[in-house]
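Commentary on secondary and tertiary structure
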Amino acid sequence: MWNRNLVKRIDLEITSFCNIACPACLRASTSVSNVLDKKSLSFELLKEKIRPHEFPNLNTINLCGTVDEPISHPKIDQIVDHFTQWDNIGLSISTNGSIRSSKWWSDLGAKSKKTGRITIMWGVDGIDEVSEIYRIGSNFQKVRENWRAYNNAGGRSIWQFIVFEHNKHQLPLLEEVAKEEGFAKTKIIYSSRFTASNSTKIVQKNERVVNKTQPKFPDIKPEIASNSKEPAKVV
């Protein structure tokens, strides 16, 4: 029987939207296409289903969906404020970092510094534009602008780097660059995608996709209901 008292970490998929198109992401599978780009999890439902007194040993809320970009949620600010009000709870958010303004990221960095409870996991697979080869649709310059705004405001960051054939030559430089840019640490991932053939396929797909169709991503207005199929704006 499931025991809430044993739960120490909860992973949440808070939306079904993403602004980029990583070739090996589950989003690329037709098996999940019917659930993509449809809606975001209601903030009210989150508050109703995850309450601190019901999870006495919970220490981490992790916003890292299998198919989503958490920062795209129209009520991400309220979600962050809600979870960081809990005692002894850390909030981890994974992101490709290429949406919202540098001002927004600076404000989040200030919240991270003030609360000591927010950590951003930046998915950046290169120390320059090489990252865009796998992160199709992202813009490295924009991502760097955003992480600098967040880090310079005192936010805690981790640089997540997935190793491929096309970026492995940059690995020796990662720690130095991450330290210079204000990251607390790095997370290096070696996965089944680390093969010459897969890397070649990724580069080829990038060349086909990047100049044709961009990933479907709506402009979401914060006031739109979570079950609405209307688009919303993310700034």
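Definitions and limits used
Residues numbered from 1 in each chain as written. Predicted model: local features only at pLDDT ≥ 70, side-chain atom pairs only at ≥ 80, totals over all residues. Heavy atoms only, no water. Helix = DSSP H or I, 4+ residues; strand = E, 2+ residues; numbered from the N terminus. Expected span 1.5 Å × (residues − 1). Buried < 20%, exposed > 50% of the residue type's maximum accessible area, 1.4 Å probe, protein only. Arc of directions from axis to C-beta. Contact = heavy atoms within 4.5 Å. Phe/Tyr/Trp six-rings, centres within 6.5 Å; stacked < 30°, edge-to-face > 60°. Lys NZ or Arg CZ within 6 Å of the ring centre and 35° of its normal. Core = buried A, V, L, I, M, F, W, Y, C linked by side-chain atoms within 4.5 Å. Polar contact = N/O pair within 3.5 Å; in protein donor to acceptor, adjacent residues only side chain to side chain. Pairing = 2+ DSSP bridges. Axes fitted to C-alpha atoms, helices over the stretch in contact; angles between N-to-C directions. Salt bridge = Lys/Arg side-chain N within 4 Å of Asp/Glu carboxyl O.

Right, let's get into helix 3 (residues 102-115). Across its 14 residues, helix 3 extends 20 Å between first and last C-alpha, which sits within 8% of the 20 Å expected from 1.5 Å per residue. Burial in helix 3 covers these residues: Trp104, Trp105, Leu108, Gly109 and Ser112. Buried positions in helix 3, seen along its axis, are confined to an arc of 140° and lie on one side of it. Opposite the buried face of helix 3, by more than 90 degrees, sit the exposed residues Lys103, Lys113 and Lys114. Structurally, helix 3 contributes buried residues whose contacts are with helix 2 (76-84), strand 3 (90-95), strand 4 (118-123), helix 5 (140-152) and strand 5 (156-162). Remark: Gly116 follows helix 3 within two positions and exhibits a positive phi of approximately 70°.

So, about the packing of aromatic side chains. Evaluation of the coordinates by the stated rule reveals 10 aromatic pairs. Ring geometry for Phe140 versus Trp147: centroids 5.8 Å apart, planes at 80°, classification edge-to-face. Here Phe140 matches Trp147 in class, with each residue buried. Between Trp147 and Trp159, the aromatic rings sit 4.9 Å apart at their centres with planes inclined by 50°, giving tilted as the arrangement. Here Trp147, found in helix 5, pairs with Trp159, found in strand 5; they are 12 residues apart in sequence, far enough to count as distant. Its relative accessible area of 0% is what places Trp159 among the buried residues. The cationic tip of Arg100 hangs over the ring face of Trp104; the distance from NZ or CZ to the ring centre is 4.9 Å.

This part takes up helix 2. Of the residues making up helix 2, those classed as buried are Ile76, Ile79, Val80, His82, Phe83 and Thr84. In this structure, the buried side of helix 2 is in contact with strand 1 (9-12), helix 1 (43-49), strand 2 (60-63), strand 3, helix 3 and strand 4.

Okay, the nonpolar core next. Core analysis: the biggest nonpolar cluster contains 42 residues, and Leu12, Ile50, Ile61, Leu63, Trp105, Trp122 and Trp159 have the highest contact counts within it. For this core, the element with the most residues is helix 5, which contributes 5 residues. With 7 residues, the next largest nonpolar core counts Ile20, Cys22, Tyr134 and Ile162 among its residues.

Within the secondary structure, Ser138 is located in the loop between helix 4 (131-134) and helix 5. Since its relative accessible area comes to 13%, Ser138 is described here as buried. Of the polar contacts made by the side chain of Ser138, one reaches the backbone oxygen of Arg135; its length is 2.7 Å. Every residue in contact with Ser138, bar those within four places of it in the chain, is listed here: Ile20, Ser98 and Glu132.

With respect to the helices and strands, Thr15 occurs in the loop between strand 1 and helix 1. Within the local environment of Thr15, its side chain forms a polar contact with the backbone nitrogen of Phe17, the two atoms lying 3.3 Å apart. Of note is the side chain of Thr15, whose polar atom sits 2.9 Å from the side chain of Ser40.

Taken together, 6 strands build an open sheet; the order of strands is 1-2-3-4-5-6 and the sheet is parallel. Of all the strands in the sheet, just strand 1 and strand 6 (185-189) have a single pairing partner and so form its edges. In this sheet, neighbouring strand axes are inclined to one another by 20° on average, regardless of whether the strands run parallel or antiparallel. As paired strands, strand 1 and strand 2 are joined by 4 bridges and run parallel to one another. Its bridge partner being in strand 2, Leu12 is matched across the sheet by Leu63. Sheet strands in contact with helix 5 are strand 4 and strand 5, and its direction is about 160° off that of strand 4.

The final tally for this structure, using the stated rule, is 11 salt bridges. Linking Lys111 and Asp81 is a salt bridge whose minimum nitrogen-to-oxygen distance equals 2.9 Å. One end of the pair, Lys111, is in helix 3; the other, Asp81, is in helix 2, and 30 residues separate them in sequence. Looking at Lys111, the relative accessible area reads 24%, which means it is partly exposed. Residue Glu165 pairs with Lys168 through a salt bridge whose shortest N-O separation is 3.2 Å.

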